[in-house]
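One-letter residues, chain by chain:
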Amino acid sequence: MDEDCSVLQEEEREALLSIYDGDEAFKQVSPTIYQYKYGEDSDNKSFLLEVEWHNNYPNEAPKINLDMFYNKHIVSSVKENIKDKISKEADHYLGESMTFTLFEFLKDFADELVANQPDKEVTESITKLSIDDDESTKKTTKKEIMSKAQKRKQWDRLDSKGEKPRGYDWIDVVKHLSQTGSSKVEIST
């Protein structure tokens, strides 16, 4: 970890804690991970943004995370849109403290970024789907009950693979012709 980066991180940590003191939307998870909640809890368009500092922060952009349980209702396309906008904004501020700036940038554009989020929760419709396992809806087919003699006769008709033997449906040509009679074929020479 670069000493300049650690000094800048410590200064930014103190600034963030003093700025967001008493703000219930802000949370410090660890000395390098900060979260900010946008919107109300009951609102379907509310989301939680997590910013994680690397060892080389602020010389490198922080890691942006939206894959949290709180954001399970947010559509993936909206999440990607938010990440893209934040990443582009972070690139402008490389080398200087940017967590506060990113949080405030997102405050200004949060409504615009979640515009594609559906108003109703998508997971509601999924939880209402169910598979009916009622016995009344199942159609049971009765298995044909055969006697030992019937089973034996059936077994004798089949080969070891359970198939009928080759040629079982062939026609005996001589027997067939004797039953139908032969037609006279005249051969002219």
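Residues numbered from 1 in each chain as written. Predicted model: local features only at pLDDT ≥ 70, side-chain atom pairs only at ≥ 80, totals over all residues. Heavy atoms only, no water.

Novice: Please clarify how the pattern of salt bridges should be interpreted in this entry.
Specialist: Two side chains of opposite charge can pair, provided their charged atoms sit close to one another. All told, the structure shown has four salt bridges when counted by the stated rule. Among the ionic pairs, Lys79 bridges to Asp67, the shortest N-O distance being 4.0 Å. With Lys79 in helix H2 (residues 76–92) and Asp67 in the loop between strand E4 (63–65) and H2, this pair connects stretches of sequence that are twelve residues apart. Classification of Asp67 by relative accessible area gives exposed; the value is 55%. In this structure, the salt-bridge partner of Lys83 is Asp67, at a minimum N-O distance of 3.6 Å. Of this pair, Lys83 sits in helix H2 while Asp67 sits in the loop between E4 and H2, and the two are 16 residues apart along the sequence. The exposure class of Lys83 is buried, given its relative accessible area of 19%. Members of the salt-bridge network, linked through shared partners, are Asp67, Lys79 and Lys83. (Salt bridge = Lys/Arg side-chain N within 4 Å of Asp/Glu carboxyl O. Helix = DSSP H or I, 4+ residues; strand = E, 2+ residues; numbered from the N terminus. Buried < 20%, exposed > 50% of the residue type's maximum accessible area, 1.4 Å probe, protein only.)

Novice: What's the story with the sheet that holds E4 in this structure? I'm lost.
Specialist: What holds strands together in a sheet is hydrogen bonding between their backbones, with the strands either parallel or antiparallel. Spatially, the four strands line up as an open sheet ordered E1-E2-E3-E4, and their pairing is antiparallel. The open sheet has two free edges, formed respectively by strand E1 (26–30) and E4, since each of these has just one partner strand. Recorded for the sheet is a direction-independent mean angle of 20 degrees between the axes of neighbouring strands. With four bridges connecting them, E1 and strand E2 (residues 33–38) associate as antiparallel partners. For Lys27, the partnering residue across the bridge sits in E2 and is Gln35. In the packing of helix H1 (residues 3–19) onto the sheet, contacts are made with E1 and E2, and the angle to E1 comes to roughly 145 degrees. Set on the sheet, helix H3 (residues 99–113) makes contact with E1, E2 and strand E3 (47–52); between it and E2 the angle comes to about 15 degrees. (Pairing = 2+ DSSP bridges. Axes fitted to C-alpha atoms, helices over the stretch in contact; angles between N-to-C directions. Contact = heavy atoms within 4.5 Å.)

Novice: What should I look at first to understand the side chain of Glu89 in this one?
Specialist: Locating Glu89 in the fold gives a position in helix H2. Buried within the structure, Glu89 lacks any salt-bridge partner; Lys85 is the closest side chain of opposite charge, at an N-O distance of 9.0 Å. Once residues lying within four places of it in the same chain are set aside, the contact partners of Glu89 are Leu102 and Phe105. (Lys, Arg positive; Asp, Glu negative; His and termini not counted.)

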